[in-house]
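Listed here are the chains, written in short residue letters.
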Amino acid sequence: RKSRMFGFIDIGYYQDRQLQQGSRTVIETVNAGKMGYGIGLRVESRMGILGIDYGSAYREPLSEGKIHVSMINRF
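Here is what the cut-offs are and how they apply
- Residues numbered from 1 in each chain as written.
- Predicted model: local features only at pLDDT ≥ 70, side-chain atom pairs only at ≥ 80, totals over all residues.
- Heavy atoms only, no water.
- pLDDT = per-residue confidence, 0-100.
- Helix = DSSP H or I, 4+ residues; strand = E, 2+ residues; numbered from the N terminus.
- Buried < 20%, exposed > 50% of the residue type's maximum accessible area, 1.4 Å probe, protein only.
- Contact = heavy atoms within 4.5 Å.

What about the confidence of the model for the protein?
Then, number 1: Scored by pLDDT, the protein comes out at a mean of 88, with 87% of its residues at no less than 70.
Then, number 2: Here strand β1 (residues 4-20) stands out as the element of the protein with the lowest mean pLDDT, 87, in contrast to strand β3 (residues 48-57), whose mean of 95 is the highest.

Shown next as structure tokens:
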């Protein structure tokens with residue numbers, strides 16, 4: 001009943017300051033975005049809901065993705 005499979009897209013944006021050193025010191029602001037995608041699975045069991053997610057960064061090989069395992073239980 002609570003089991004499901006799903007796909008997801010993860011988009012983020014960040015701003016960072018980098019210090020450039022040379023003949024003088026300059027602070028440069030860097031704006032960039034990141035994107036990832038993956039699939040997830042939730043399976044209901046006697047112990048709770050077991051979650052397994054696989055995600056990978058955009059334009060990265062699938063072999064470099066990450067696997068996350070979780071257990072959701074309520075008392």
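Still more to cover.
Details of the environment of L41
Then, number 1: You can see L41 is positioned in strand β2 (residues 26-45).
Then, number 2: Along the backbone, L41 and R4 are 37 residues apart, and their C-alpha atoms lie at a distance of 5.9 Å.

Looking at unusual backbone geometry
Then, number 1: Although it is not a glycine, R59 sits at a positive phi angle of roughly 65 degrees.
Then, number 2: For R59, the position within the fold is in the loop between β3 and β4 (66-72).
Then, number 3: R59 gets classed as exposed once you look at its relative accessible area, which sits at 71%.

Quick word on the environment of I52
Then, number 1: Tracing the backbone through its elements, the reader meets I52 in strand β3.
Then, number 2: On the basis of relative accessibility, which here comes to 38%, the residue I52 falls in the partly exposed class.
Then, number 3: As for I52 and I39, which are separated by 13 residues in sequence, their C-alpha atoms are 8.6 Å apart.
Then, number 4: Not counting chain neighbours up to four residues away, the residues in contact with I52 comprise I39, G40, L41, R42, I67 and H68.

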